[in-house]
Structures are given as C-alpha cells and as structure tokens.
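Structural characterization, general
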Amino acid sequence: MALLRWLIFLLFLLLLCFASESVKKEEEEDEEPEPDQSEDEEFSEELLLKPLPDRKVLAHFHFQTRVPPTESYGRHHHLFPKAIYQLVQKFQIREMELSFTQGRWNYERWGGYDPISSNNAKPPGVELWAVFDVPQNQVDASWKNLSHTLSGLFCASINFLESSTAYSAPDWGFRPFSGKLRYGTLPREAVCTENLTPWLKLLPCRDKAGLSTLMDRPSIYRGFYHSQRLHLTSSEFDSTGSNMGIVLRQTLSIVLQPSSPGNSITYSSSSMLQPSWYFSSLFGMKVSGKCVLAKSSNVHLQLEGALLSKLKNLQNDNERYDADKHGFEGSWNNPGFELSVSPDRVIKELNSLHREGPSILYQFSMENYNNSMPFDLGFRWKLPVVWSCPQAPLHASRFLMGSGNERGAIAILLKPTKWIEGFQSSGMNGGSCNLQVNVFQIVPWYVKVYYHTLRVYFDEKPQSVADVIEKMRVSPSEDKVSPGVMEMVLKLPCGTKSAALTLDFDKGFLHIDEYPPDANQGFDIPSAVVSFPDFQASMNFLEDASLGKSPMLSKLKERSPVLSYTEVLLVPLTTPDFSMPYNVITITCTVFALYFGSLLNVIRRRLSEEERVLKSKAANTKGRSPLLLSKLYAKLRGRPLEQPQSSSSSSVINSKLLIKVILVACLAAIWQFYFG
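Values in this document were obtained by computation on a predicted structure and should not be read as measured data.

About the criteria used
- Per chain, the residues get numbers from 1 upward, laid out in the order the sequence is written.
- Reporting of local features is limited, given that this is a predicted model, to residues whose pLDDT is at least 70; pairs of side-chain atoms are given and counted only at 80 or more, and all residues count toward the totals for whole chains, interfaces and linings.
- Derived side-chain values reflect all non-hydrogen atoms in the structure, with water molecules and hydrogen atoms excluded from consideration.
- Cysteine sulfur atoms that pair up within 2.5 Å are treated as a disulfide.
- We count a stretch as a helix when DSSP gives it H or I for four or more residues in a row; a strand needs E for two or more, and each element gets its number in order from the N terminus.
- Only protein chains enter the accessibility calculation, which uses a 1.4 Å probe. A residue is then buried if its area is under 20% of the maximum for its type, exposed if over 50%, and partly exposed in between.
- Definition of a polar contact: a pair of N or O atoms within 3.5 Å, with one able to donate and the other able to accept a hydrogen when the atoms are protein atoms, and with sequence-neighbouring residues admitted only if both atoms are side-chain atoms.
- Any two residues having at least one pair of non-hydrogen atoms within 4.5 Å are treated as being in contact.
- Strand pairing is defined by DSSP finding a minimum of two bridges between the two strands.
- Comment: axis = line fitted to C-alpha atoms, over the contacting stretch for helices; angle = value between 0 and 180 degrees taken between N-to-C directions.
- Only one rule defines a salt bridge in this text: a Lys or Arg side-chain nitrogen within 4 Å of an Asp or Glu carboxyl oxygen.
- Grouping buried Ala, Val, Leu, Ile, Met, Phe, Trp, Tyr and Cys residues that are joined through side-chain atoms within 4.5 Å yields what is termed a nonpolar core.
- The score called pLDDT rates the predictor's confidence residue by residue, from a low of 0 to a high of 100.

A separate point is the state of the cysteines. By definition, a disulfide links two cysteine residues through a covalent bond between their sulfur atoms. Tallying each qualifying case throughout the model produces one disulfide. Note on cysteine connectivity: Cys205 is disulfide-linked to Cys291, with sulfurs 1.8 Å apart. Taking the sign of the torsion about the S-S bond as the criterion, the disulfide between Cys205 and Cys291, at about 65°, is right-handed. One end of the pair, Cys205, is in the loop between α7 (193-201) and α8 (217-221); the other, Cys291, is in the loop between α9 (279-283) and β10 (296-303), with 86 residues separating them in the sequence. For Cys155, which is in no disulfide, the shortest distance to another cysteine sulfur is to Cys192 and amounts to 8.6 Å. Judged by relative accessible area, Cys155 falls into the partly exposed class, the value being 44%.

This next bit is on the side chain of Lys491. Inspection of the secondary structure puts Lys491 in strand β23 (residues 484-493). Only 3.5 Å separates the side chain of Lys491 from the side chain of Gln436, close enough to count as a polar contact. Once residues lying within four places of it in the same chain are set aside, the contact partners of Lys491 are Asn434, Leu435, Gln436, Phe458, Val468 and Glu470.

This part takes up the sheet that holds strand β13 (residues 345-350). Here 12 strands make up an open sheet; going across it, the order is β5-β6-β4-β3-β7-β8-β2-β1-β10-β14-β13-β27 and the pairing mixed. The two strands at the open ends of the sheet, each matched to only one other strand, are β5 (167-168) and β27 (540-541). Of the strand pairs in this sheet, strand β3 (residues 93-102) and strand β7 (residues 225-234) are connected by eight bridges, and their pairing is antiparallel. The residue of β7 that forms the bridge with Thr101 is Ser227. Where helix α6 (residues 139-154) meets the sheet, its contacts fall on β3, β4 (125-132), β5, β6 (181-186) and β7, and the angle it forms with β4 comes to roughly 135°.

So, on to the sheet that holds strand β17 (residues 407-416). Across the sheet, which stays open at both edges, the five strands sit in the order β16-β17-β24-β20-β21 with antiparallel pairing between neighbours. The open sheet has two edge strands with one neighbour each: β16 (394-401) and β21 (461-463). Sheet twist, expressed as the average angle between the axes of neighbouring strands with direction ignored, equals 30°. In terms of strand pairing, strand β20 (residues 447-458) meets β21 through three bridges, oriented antiparallel. Directly across from Phe458, in β21, lies its bridge partner Lys461.

Counted according to the given criterion, the structure contains 24 salt bridges. Ionic pairing is found between Asp114 and Lys50, a salt bridge with its closest N-O pair at 3.4 Å. Taken as a pair, Asp114 in the loop between α4 (107-110) and α5 (115-120) and Lys50 in strand β1 (residues 42-51) lie far apart in primary sequence, 64 residues in all. Across the pair, Lys50 and Asp114 agree in class, each one buried. One salt bridge connects Arg94 with Asp133, and the closest N-O pair in it is separated by 3.8 Å. Taken together, the positions of Arg94 in strand β3 and Asp133 in the loop between β4 and α6 put the pair 39 residues apart, joining distant regions of the chain. The class of Arg94 is partly exposed, set by a relative accessible area of 34%. Because the salt bridges share partners, they merge into one network encompassing Glu97, Lys122, Glu127 and Arg229.

Turning our eyes to something else, we now look at the nonpolar core. Membership of the largest hydrophobic core comes to 112 residues, with the highest contact counts inside it found for Leu49, Phe61, Met96, Phe279, Phe364 and Phe375. Every residue in contact with Phe279, bar those within four places of it in the chain, is listed here: Leu47, Leu49, Leu214, Gly284, Met285, Val287, Val299, Phe375, Asp376 and Leu377. In terms of nonpolar packing, the next biggest core, distinct from the first, is built from 42 residues, Val447, Met488, Leu501 and Val571 among them.

We now examine the confidence of the model for the protein chain. Chain-level statistics for the protein chain give a pLDDT mean of 83 and a share of 79% at 70 or above. Low pLDDT, under 50, characterises residues 320-331; the stretch is placed with 21 contacts to residues that sit more than four places away or in other chains. Note that residues 646-650 has pLDDT below 50 and, in this model, three contacts with residues that lie over four places away or in other chains.

In structure tokens form, the structure reads like this:
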C-alpha cells in the first residue's frame, strides 16, 4: 500500500514538472518584445480641396495608418486594422493596391500631370495588383487566396480574379516587380455603399468623428467621379533591413458639382463666374473637430499655378467687380476670391515644372474646432476666371475599328498637349529629341489579337516598327487559360503631331455557359496603361519641420512617372439565341405530357364502367316508351327481354383510343429522330 502511494506521488511530480515546462515554452513562444517607446502607431487624416476649370471641385481624402515592424513592436495593435495585418502576415504581401472606381477621370479638364491625377485616377470598376514575398511557385496560389479574402472583406466580386483568365503577370510595363507581381481588373464591377462601409471600418474613428464624417453617401455617389483606394506597403518580409513596418494609405477622390444658383452671372467677356461653395453645401455637413486618435488632422485648399497667374492678370481690371460687396463675415480676402476662414498656414510650391508658375496650398488645422464651433470652409469667387489644369505630355485614347462579329482592330492614338512644348528638352539624348512612352495592355482570351499585325503611324504615315519600338514583350492569350499581355516601349520624336498603333484581332466563340447574363451588352477590354518615364509628377515645398507631420504632403513630394489610363473598350461578340433552349424545353415538355397523359389514361381506364355508363346514356336517350314496348313484346312471345349489344360502341371507343395513342407515339418518335 505504501509502495502504491509512492508511485502515485512520483507520477504526480512528473506530471507537474511536465506541465510547468510546457507552460514555460508557451510563454517563451508567446512572449512579445517590449514595444519600442520611440516608435508607436500613427494615424493621420487630411483633406485636399481643389477647384477645377469646369465649375467642379475635387475633394481628395487621405488617411494613413502606420505600425512599426512586428519584431520591435509586437503583434497587438491599437490603431492598425487587424484584418489588414493578418492579410499581410498570411500572404506575405510586400505591396498591394485595391481601388473601386465609378466614372472616368477627365484628363483633359481635370489634369493629368499632377500627383493626384497620376497616382489616384483609376480605371472604372475594380483594379487590384499585389507583390508577394513568397517563392515563385507560390505566387499564383497566394493571389487566388488574396482575391477571395478581399472579396469577403469588401463585399465585392473580387473573387472572380482568381481565374487565370482574369489576371496577368506583368514584367516591366506596369511596375518594376518582375515575377512576383500579379495584376487584374474587373471593369464592369459596380461600386456602391456596400464597398465603402468596410473601407470606412478600417479607420480608427470610422465615420463617427474627424474628416470621415464628411463622407455622406448621397453626396459621394451623386458626384461625377469617385474612386476609393487602398494602398499597402510592408517591410515585414524585406531582407534589406528596412524598418518601415506596415503603412496603410486610404484615399477617396471625388469630383463634385457645387450647387450655387445665385452665382450664375455672365460678364462682358462671355465668361461665367465659378460657383461658390461651403463644406455644408458640398458634403451636407460640417466638421466637428478631429478624430481623437489622429496625430494630425488638416484641410488643404490648393490653387494651381495657372489659376493664380490668371487671377494676377485680372487684378488690374477688378474695379468693375467691386460693386459685389457681399462677402463672408470674418473672411480672408484676396482680389480674386474670398475664404470664410483664415488659413493657419500658406504653403508655396518651389521649382514648379509648369510654365504658369507654382501652386499654393492653404492649410487649416482641425485642432481648434469642436461641436460648439464646427469647421465650415466657404469659398467665394470674385472674378470670372478661365484656366486649364496641367496635362500629361500626350493625351492617350483607345478605340475599336472594323465592323461585324468576325474580326476588328484595336487602335491607340497619342496626341501631344500644349504642356509638352516646355518639356521637349527632357528627352534630349545626344542631340536627338525623343519622348519615351510605355504601353501596358491586357486583352481577354476571347479577343484573339495577332501581334504580328502591329502597325505604327506618325502623322498618319506608316513607320517601321523596328525603328519606333525600342523594347517589346508579348504573351499571347491561350483559350480559356490566360489573357494576352503586351508591354512595349515607344520612342516618339518630339515634333510628332500624332502617333497611332493598331492591332488586328479575331473574335472568338464562347460556350453557352460562359456568357454573362447581359451578353448582348458586349464584353469589356480593360483599360490600357500609358506612362511617361521621362516626366515625373511631384510637388516640392519649402523645407519645414511641420511638413514631415503631413503624410499627404510627403506623398505629394514623392517623384513618380506620369501615368494615365485609356478608355474601357466594349466588344460585341457573336451571341446565340438564348430563347431557343427555352422554346425547346417548353415544346418537349408539352409533347411528353400529352404522350404520358394519354398512355396513363389508357392503362388505368376501366372498360366495364364505361360500358355501363354508355348503356345508361343509351337508355336515357331512347326514353321509356321503347323499353316498355320491348318488354310487352317479350311477354307476348313468352321469352326474356334481350339486352342491346354494345360491342360496336365499345369497339369504336377502343379504336379511337388506340388511334390517339399511336398518333402521340409517332409524334414522339419523329421529334426524337429530328432533334436527336
């Protein structure tokens, strides 16, 4: 008995030691490094407003959330969204961008050379590209899993990008990430509040406080253009030793039309005064302070250099407009416009590449505003001004040529803008002036492009392809497997008035199951990407310590190639008569119903009951007098009454039924033989 007790005691000690060791290991595994107090999570919110020449206003929201690297900070965060962090860790994402866009950016009126139009103007629908830090053979699997995860996260059909026919692997035409970059678009994806709500949930204050309260749904979706964008950069798996951590940038660009019927005054110069506006008129509400979790919260009003130069030229003639003295109370005056709130800072651009001069930013801090004193910026024009936004060196447009449902051609037309005249010296190489243009285009597999038919025209004159194209990479499409990809580098002489590229293609045939519900509308070819590496879109400001606190201004200072998207093409393909299967099913079901109905009727019919019914009917039709006479005649003869024979009637009935059955069977056999 004592020995048993000792054994139980030893066993208990062993279990206790084992449990303590396992707990110690788990604590060592789960133990996180002490957070570096010098580095902490940061969140900032900013809004940039810019008047546009066509009586509209651009509102660009910029939210940035940053978290230090996991090695120094740990896995638990206070501001950074957990869903995005898990996304980065699970799929080892180095960089990713997702955009939802409704409408098309007007490069001619709204500009194409500034950083906002070059980096934030996106093609219609959904655009997704990602760079993975995984082995090459795992990139496609990571892309498919990422598309499914984002589809559930943002309530969209991004999971359609998992198919190999919907995405591609650009080499150098889109981004300089060879091999591990995947790119896909859904031009027909509809954008609605179901996509905006999950996007807002990634913000620390959501849409309950700060600048995000301006995102009134009716105000956003009645605009001419809106694009919500999510850009993610991570150094979690970077072997270069970068300690950037994870940076999440959320931007929302909206083009709104101010409603100001009282300012439609036409002057002698046939120009119309721009509409005045308030925050409350643009967004339907005011700003009641900043988000308490935001490190900085600013509103910027940008006036372009072309607008400022026009206002400066009109200052000498502003005496005839002095009669209009209805301004804002406590306003900040300027000869050309008036602000309802005095700016906290005035930031001037340096070394502008535009001929008209540098732009100016008026900064308003949200630190001193609250519910009792909300921020409601008002902008009133004093002079009618006509100006134009800085445009890209070349205006790119794309269209279809040909007719019919058999073949056609894709054409890309490049025309120089007036802004290129001041930049021709940027392409000087050894005394020759050339402009480099990069073209990246994806074509679905059912549009069978013949890349050997590429033709180039300068000023409507054919040119040798070898003399114009410096570099080209083509990945032909494979039926139901992968789309066609074309990347090329063009060298255009600076004096070229127009340049055109054409490619012939044949229209393929789809299986009936591959057609969308609205097949007669046509099939989309995603937008082509045209970039100009010789021209960099950036804004340089005076070096100031406070500029480092503004992530949006720091982003505007980054140099990036000027980039623009072309139109989405709509290709009509041969579509079958989708009503024919319905007709066949209907007729077949009708014939089978008649056949089996008649067959079951014959099988289940009782002939004795039918004979009795026929006899009763015959007796009723003859009446009582013939029956009495027959009975009287039988008694006189001393014989029993003979019942009338109904064999003839029953034979007639049986013959009719047999004819019906044979007729239906013949019809069924003919139908089966004809359609079989």
